[in-house]
Amino acid sequence: MKRNRIIAAACALACALMAAPAADSLAAASGVTQERALAADADSKNWMLHGRTYAEQRYSPLAQVNRETVGKLGLAWSYDMRTQRGVEATPIVVDGVMYVTGAWSIVYALNAKTGKELWVYDPKVAKSTVIKSCCDAVNRGVAVWNNNVYVATLDGRLVALNARSGKVLWQKVTVDQSDTYVITSAPRVAKGMVFIGNSGGDMGVRGYVSAYDAATGAMKWRFYTVPGNPAKGPDGAASDDVLEKMAKTWNGEWWKYGGGGTVWDAMTYDPELDQLYIGVGNGSPWNHQIRSPGGGDNLFLASVVALNPNTGKYLWHYQATPGDSWDATATQQMMLATMQIDGRQRKVLMQAPKNGFFYVIDRTNGKLISAKNIVPMAPTKDTPPGAPISWAYGVDLETGRPLENPEARYPGGTKVSVHPVGPGAHGWQPMAMSPQTGLVYLPIQDFAITYQTDPDFKFIKGRRAMGVASHGGLPEDPVVRKAIGSSIAGRLLAWDPVAQKEVWSVQQKYTSNGGVLATGGGLVFEGLVDGSFVAYDAATGTRLWSHDIQNYAQGGPITYEIDGVQYIAAAAGNGGSTYLVAGPGVPADMPPLKGRVVVFRLDGKAKLPPVTWKPLPVPPPPTVPNAAAIRDLGARVYAANCVGCHGISTISGNVIPDLRRSPIIQSGDAFKGYVIGGWMKEAGMPSFGDILTPDEAEAVRAYVAREAELLFNSKQTAPTAAKP
């Protein structure tokens, strides 16, 4: 009966579309109701939900732009945002209006046909908030419901805006703002409720997801993903029913570290089963031996959890990485489908989390159907001694548990290089699925990071809670650095989720390439780190078209139709973890451009403004007394406290000024003023005076000065290449 209601709603919507409002008439725009949302698959003109439909497949049947015509695709319009930090949003288009977010949670409403600005909402997030964020002042988009637009701000507010004017209707603080919570995710809306999680698992918080009444902002329920302090008893939350179940899988005094488990990205509503699926993140600290001494699976870290959307009550879960010790989050996109597997139709949930496996789960009960690795996960005869090891070699389909490599847990003081966790085989960048090919398309990568228990670990609230020793930066040898840069690459993978095997893949120069869109024209669109926006043949992976958009389109591209014309759109902006950490993983000396929306159509004639930026010259580095003796300390202090914003080995993506080119390294007093004195706190650079001594700050300056010297001598620290 429920399926029949969905089909009926789709038919009703198809008739209604014949009388859709004019694209240029914002006043005539109608809202997104439950009926429209359920029938979104029949409405190819709009992109009303984060993944276009509740199934989050990011597929559109629009086919005006196809294999034969894509060569005529040109820029229709572009819009420059007001900031130049990372942009990770998926635009939403409803009845001719595009709603998109940029850095600092700013919302832009644009005419989707022309790019004309209709209104802008700036939530005035304090720049100092960014210190709580692991990965820039990013935001992944809005939700639209009835005539409201919902945005979650970096400082933890959920704000409802009037879709026509941008006026604030209500706002709720969803986190303890004195704690290290932030929000970077897009809200999801269903059944008149707005669902939102939060971020901060790296900083020592306890994760949860909340539901709010879309009309009034009243909180309906909250579900905690990890147990709190047992001495405090129940939380008075929907998760109370499973607190004991969770607590049995933890040891020690985990609550002192927060525990982690933040729901910082993916949530998926299933209208067929009336279930809400949430993807749960890493533990806090990362290191399982510190967080939960004595072991334990640590529910619900690195898990998919199914909840009753009406009450928040627990239904089932599947844990991909029990006892996570590597930042192996399962917050990545969850895609829904009905597929024929082993001769029968199965309602499935698919996910490719960080840990390197592609999971197909029966979404009626949470039982694992299949799991196969999407990157190499076992040693071979060709694996050289000392090469990175896999955290696991496979998944036992009977138990659903990974076939784990015990060496990867870095027991005691062991130092070991483990892949593909940390940055992950698949990051947050969305994947897509095409019913034409039956394939899932996803950006993947495979490189290792070094893990070793930090013998001096001290939990400091507000600082990264990893429990992993810092080992400095890259080797100084330019040949070695170039080799490292050449080895760090990504791929676009076409994956058969039924056969669980690769069909084709495209090798790409850099890692962490952008989200994916699949279309009825037989195309797959993706943004690349080098600023290219690319279309591939969905059947073969052949590259058919590309355009230099000058910026990195990280989030998912979308497509929509106005007045019989198909548009392809993406939000782009250099930033996020890719550009902040940088190192050899991004092109050298990328310009610090503003965030941007780019929209294409057949025979589009618009042009982007030329880029005239040139990097600042490198000043001769200062002479630091006893430099060789203190640089090693500086490298370790830098890696523990600075790398998340200023880059591996200080190699900058220019989202934040390149320290190697900065005049402040010339003066010890000036450097201490910024690092310890907090001279730039309001601009987002906090004081580290509570954790660093003046001698440690001077050691960091010596380390940065050495990196400046290397740049001064070579003029290049990371490999560059012409755009493919």
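Counting from 1, residues in each chain are numbered in the order their sequence is written. A pLDDT threshold of at least 70 governs which residues receive local features in this predicted model, and a stricter bar of 80 or more applies before side-chain atom pairs are shown or counted, although totals over entire chains, interfaces and linings include all residues. In computing side-chain values, all of the structure's heavy atoms are included and hydrogens and water are not.

### Points about the overall build of the chain
Here's step 1: If you tally the helices and strands in the chain, you get 10 helices and 40 strands.
Here's step 2: Radius of gyration: C-alpha atoms only; globule rule: 2.2 Å multiplied by the number of residues to the exponent 0.38. Taken against the 2.2 N^0.38 rule, which gives 27 Å for 724 residues, the C-alpha radius of gyration of the chain at 24 Å falls within 12% of a compact globule.
Here's step 3: For the chain, the spread of C-alpha atoms along the principal axes amounts to about 80 × 60 × 55 Å.
Here's step 4: Only protein chains enter the accessibility calculation, which uses a 1.4 Å probe; a residue is then buried when its area is under 20% of its type maximum, exposed when over 50%, and partly exposed in between. Looking at the chain as a whole, 62% of its 724 residues qualify as buried.
Here's step 5: Here the contacts in the chain between residues at least 6 apart in sequence split such that 64% fall between residues at least 24 apart.
Here's step 6: Computed with a 1.4 Å probe, the accessible areas rest on the Shrake-Rupley method; for each residue, only the protein chains presented here act as cover. As presented, the chain carries roughly 25,900 Å² of accessible surface, and 54% of it is formed by carbon and sulfur atoms.
Here's step 7: For the purpose of counting charges, residues Lys and Arg are taken to be positive, whereas Asp and Glu are taken to be negative. His and the chain ends are not included. Taken as the charge centre is NZ of Lys, CZ of Arg, CG of Asp or CD of Glu, depending on the residue. Of the charged side chains in the chain, 69 are positive and 61 negative, and the gap between their average positions amounts to 3 Å. Here a strand is any run of E in DSSP of at least two residues, a helix any run of H or I of at least four, and the numbering for each starts at the N terminus. When checking whether two residues touch, look at their non-hydrogen atoms; a contact exists if any pair is within 4.5 Å.

### Some remarks on the state of the cysteines
Here's step 1: To count as a disulfide, a pair of cysteine sulfur atoms needs to be within 2.5 Å. Counted under the stated rule, the structure contains 1 disulfide.
Here's step 2: Covalently, C134 is tied to C135 through a disulfide, its sulfur atoms 2.1 Å apart. Disulfide C134 to C135: torsion about the S-S bond roughly -95°, handedness left-handed.
Here's step 3: Free cysteine C642: the closest other cysteine sulfur is in C645, separated by 8.8 Å.

### Focus: helix α9 (residues 668-675)
Here's step 1: Restricting attention to buried positions, one finds in α9 the residues G668, A670, F671, G673 and V675.
Here's step 2: Tucked into the core, α9 has its buried residues touching α10 (694-714).
Here's step 3: Between the side-chain oxygen of the N-cap and the backbone nitrogen of D669 there are 3.4 Å, and the N-cap of α9 in question is S667. Identification of polar contacts relies on pairs of N or O atoms within 3.5 Å, with a donor-acceptor requirement for protein atoms, meaning one able to donate a hydrogen and the other able to accept it, and with residues adjacent in sequence counted only if both atoms are side-chain atoms.

### Points about the pattern of salt bridges
Here's step 1: Every case where a carboxyl oxygen of Asp or Glu lies within 4 Å of a side-chain nitrogen of Lys or Arg is listed as a salt bridge. Applying the stated criterion across every chain yields a total of 33 salt bridges.
Here's step 2: Ionic pairing is found between R409 and E404, a salt bridge with its closest N-O pair at 2.5 Å.
Here's step 3: Put simply, D270, E272, K347 and R363 are held in one network by salt bridges that share partners.

### Brief notes about the pairing of strand β5 (residues 107-111)
Here's step 1: Burial analysis of β5 places 5 of its 5 residues in the buried class, which makes it a mostly covered element.
Here's step 2: Pairing between strands is defined by DSSP: at least two bridges between them are needed. When strand β4 (residues 97-101) meets β5, the two strands line up antiparallel, connected through 5 bridges. Note that in β5 the partner of V97 across the bridge is N111.
Here's step 3: Following β4, the chain reverses through 5 residues before pairing antiparallel with β5; W104 in that reversal takes a positive phi of roughly 60°.
Here's step 4: In textbook terms, the turn of a hairpin is the stretch between consecutive antiparallel strands, and for β5 and strand β6 (residues 117-121) this stretch comprises 5 residues, one of which, G115, has a positive phi near 85°.

### Thoughts on the environment of I562
Here's step 1: Residue placement: I562 occurs in strand β38 (residues 558-562).
Here's step 2: A sequence separation of 517 residues divides I562 from K45, and the C-alpha atoms of the two residues are 6.7 Å apart.

### Some points on the side chain of S512
Here's step 1: Note on placement: S512 falls in the loop between β33 (501-508) and β34 (516-519).
Here's step 2: The exposure class assigned to S512 is buried, which follows from its relative accessible area of 16%.

### A closer look at the nonpolar core
Here's step 1: Definition of nonpolar core: a set of buried residues of the types Ala, Val, Leu, Ile, Met, Phe, Trp, Tyr and Cys, connected through side-chain atoms within 4.5 Å. The biggest cluster of nonpolar side chains holds 103 residues, and the ones touching the most others in it are M98, Y99, W221, I278, F525 and Y560.
Here's step 2: Element by element, the count of residues in this core is highest for strand β39 (residues 565-572), at 7 residues.
Here's step 3: Setting aside residues up to four positions removed in sequence, M98 forms contacts with W77, P91, I92, V93, Y108, A109, L110, A112, Y560, A569, V597 and V599.
Here's step 4: In terms of nonpolar packing, the next biggest core, distinct from the first, is built from 51 residues, I374, W391, A392 and V440 among them.

### Side note on the side chain of R596
Here's step 1: Among the secondary structure elements, R596 is positioned in strand β40 (residues 596-602).
Here's step 2: Side-chain polar atoms of R596 contact the side chain of D80, separated by 2.8 Å.
Here's step 3: Not counting the four nearest positions on each side in its chain, R596 is found in contact with Y79, D80, M81, I549, Q550, N551, A570, A571, A572, L608 and P609.

### Thoughts on the pairing of strand β16 (residues 267-270)
Here's step 1: With burial as the criterion, each face of β16 is covered, one bearing M267 and Y269 and the other bearing T268 and D270.
Here's step 2: Bridge analysis of β16 against strand β17 (residues 275-279) gives 4 bridges, and the strand direction is antiparallel. Bridging from a neighbouring strand, Y269 pairs with L276 of β17.
Here's step 3: Taking the residues that link successive antiparallel strands as the turn, the β16-β17 hairpin has 4 residues, and the phi of D274 there is positive, at about 55°.

### Quick look at the sheet that holds β33
Here's step 1: Strand order in the open sheet formed by 4 strands is β29-β30-β32-β33, with antiparallel pairing between adjacent strands. The open sheet has two edge strands, β29 (432-434) and β33, and neither has a second partner. Strand after strand, the sheet turns through a mean of 25° between neighbouring axes, direction not considered. All axes here are fitted lines through C-alpha atoms, helices being fitted over the stretch that makes contact, and every angle between N-to-C directions spans 0 to 180 degrees.

### Let's talk about the environment of R291
Here's step 1: With respect to the element layout, R291 can be found in helix α4 (residues 288-291).
Here's step 2: The exposure class of R291 is buried, given its relative accessible area of 0%.
Here's step 3: Remark: the alpha-carbon pair of R291 and G323, spanning 32 residues in sequence, is separated by 9.6 Å.
Here's step 4: Polar side-chain contacts of R291 include one of 2.7 Å to the backbone oxygen of P285.

### Re the sheet that holds β16
Here's step 1: Spatially, β16-β17-β19-β20 is the arrangement adopted by the 4 strands of the open sheet, whose pairing is antiparallel. Only two strands of the sheet have a single partner each, and these edge strands are β16 and β20 (314-319). On average, each strand axis in the sheet is inclined to that of its neighbour by 15°, with strand direction left out of account.
Here's step 2: Judged from the 4 bridges that link them, β17 and strand β19 (residues 303-307) form a sheet pairing that is antiparallel.

### Observations regarding the packing of aromatic side chains
Here's step 1: Centre distance within 6.5 Å is the pairing criterion for rings of Phe, Tyr and Trp, where only the six-membered ring of Trp is used; planes under 30 degrees apart are then read as stacked, over 60 as edge-to-face, and the remainder as tilted. The final tally for this structure, using the stated rule, is 29 aromatic pairs.
Here's step 2: With a centroid separation of 6.3 Å and 70° between ring planes, the pair formed by F525 and W545 is classed as edge-to-face. Here the residue F525 occupies a position in strand β35 (residues 523-527), and W545 occupies one in strand β37 (residues 543-548), the gap between them amounting to 20 residues. You'll find F525 and W545 in the same group, each marked buried.
Here's step 3: With a centroid separation of 5.4 Å and 55° between ring planes, the pair formed by Y638 and Y703 is classed as tilted. Placement of Y638 in helix α7 (residues 627-641) and of Y703 in helix α10 is noted, with a sequence separation of 65 residues between them.
Here's step 4: Put simply, the rings of Y318, W326, F357, Y359 and W391 touch in pairs and so form one group of aromatic residues.
Here's step 5: Positioned over the ring face of Y224 is R206, at 4.0 Å from the centre of the ring.
Here's step 6: Sitting above the plane of the Y510 ring, K509 keeps its charged end 5.7 Å from the centroid. Note on geometry: a ring has a charge over it if NZ (lysine) or CZ (arginine) is within 6 Å of the ring centre and within 35 degrees of the ring normal.

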